[in-house]
Amino acid sequence: MAAAMGRLASRSGRPALMIAGKRLRADPWAASRAHTAVMLAALIGVGYLTVRRVALGALRADPDNDTDYLAFYIGGYDLAGLALLIGVAVTISGLAVSVAESLTVRRRTLAALAAAGTPRKVLRRAVLLETALPLAPAIALSVACGLAITVPFLAAGAWSARPLLEAVLIAGGLLAASLLATAASLPLLRYSVHPAQLRYE
């Protein structure tokens, strides 16, 4: 997916997109582990919210279940949600580390681009696009798969637009968090584009 997005971006004619596209085409697997973890977070997140809502709805609908019985299951689902949030935080942190490593490894190339007259704001946009271009469709695909997997649970109750809204919020939240993690690594760009980096192989 990264290679395909790279080919499309490199034909756009816009400097930031062309730089990001060339990078994605040259090394489409650079951030594959971090991106895969974000995709799994999207998939599991959609499934968790759907199963939690349907299961708790069924438990509340049964008049034989008392408050303590419900509290036991609610607490269990809340702990599972907390574990999922911690996993997402670790995943996003890993993405930030991956971007920082990429900037460090490519410091000679970035310095050459800066020396050739490429503005830093273009380079910053290119770094953000390197994350957004492959990750946006990947997250959308994961969310769609999560919704498809939970169809049997959704079919058990009345139709509602809530699962779709939750899926959109999960996708948007993960993409925004990924871009924030990438932006947190951008201060390294000032070091990477310094002319002194041209001396390093």
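That block above? That's the structure.
Conventions adopted
- Residues numbered from 1 in each chain as written.
- Predicted model: local features only at pLDDT ≥ 70, side-chain atom pairs only at ≥ 80, totals over all residues.
- Heavy atoms only, no water.
- Phe/Tyr/Trp six-rings, centres within 6.5 Å; stacked < 30°, edge-to-face > 60°.
- Core = buried A, V, L, I, M, F, W, Y, C linked by side-chain atoms within 4.5 Å.
- Buried < 20%, exposed > 50% of the residue type's maximum accessible area, 1.4 Å probe, protein only.
- Helix = DSSP H or I, 4+ residues; strand = E, 2+ residues; numbered from the N terminus.
- Contact = heavy atoms within 4.5 Å.
- Axes fitted to C-alpha atoms, helices over the stretch in contact; angles between N-to-C directions.
- Parallel < 35°, antiparallel > 145°, perpendicular 65-115°, else oblique.
- Left-handed = near helix turned anticlockwise from the far one by under 90°.

(A) Molecular detail of the packing of aromatic side chains. This model, assessed by the stated rule, comprises two aromatic pairs. Ring geometry for F72 versus Y73: centroids 5.3 Å apart, planes at 85°, classification edge-to-face. Through a chain of ring-to-ring contacts, three or more aromatic side chains come together here, namely Y69, F72 and Y73.

(B) Summary view of the nonpolar core. Membership of the largest hydrophobic core comes to 18 residues, with the highest contact counts inside it found for V38, V46, I139, V143 and L174. Among the elements of the structure, α3 (32-61), α4 (67-105), α6 (120-149) and α8 (162-184) are those that each provide at least two residues to this core. Dropping the residues within four chain positions of it, V46 is found in contact with V143, G146, L147, A167 and I170. Formed by 12 residues, the second largest nonpolar core is a distinct cluster that contains L103, L186, L189 and V193.

(C) Spatial organisation of the side chain of T91. Following the sequence through the fold, T91 ends up in helix α4. Residue T91 is classed as buried on the basis of its relative accessible area of 15%. Contact partners of T91, with chain neighbours within four places excluded, come to A34, A37 and V38.

(D) Representation of the packing of helix α2 (residues 15-26) against α6. For the pair α2 and α6, the least separation of the axes is 8 Å and the interaxial angle reads 55°. What the angle tells us is that α2 and α6 run oblique. Note on packing geometry: the crossing formed by α2 with α6 is right-handed. In contact with P15, A16, L17, I19, A20, R23 and L24 of α2, α6 contributes V122, L123, R125, A126, L129, E130, L133 and P134.

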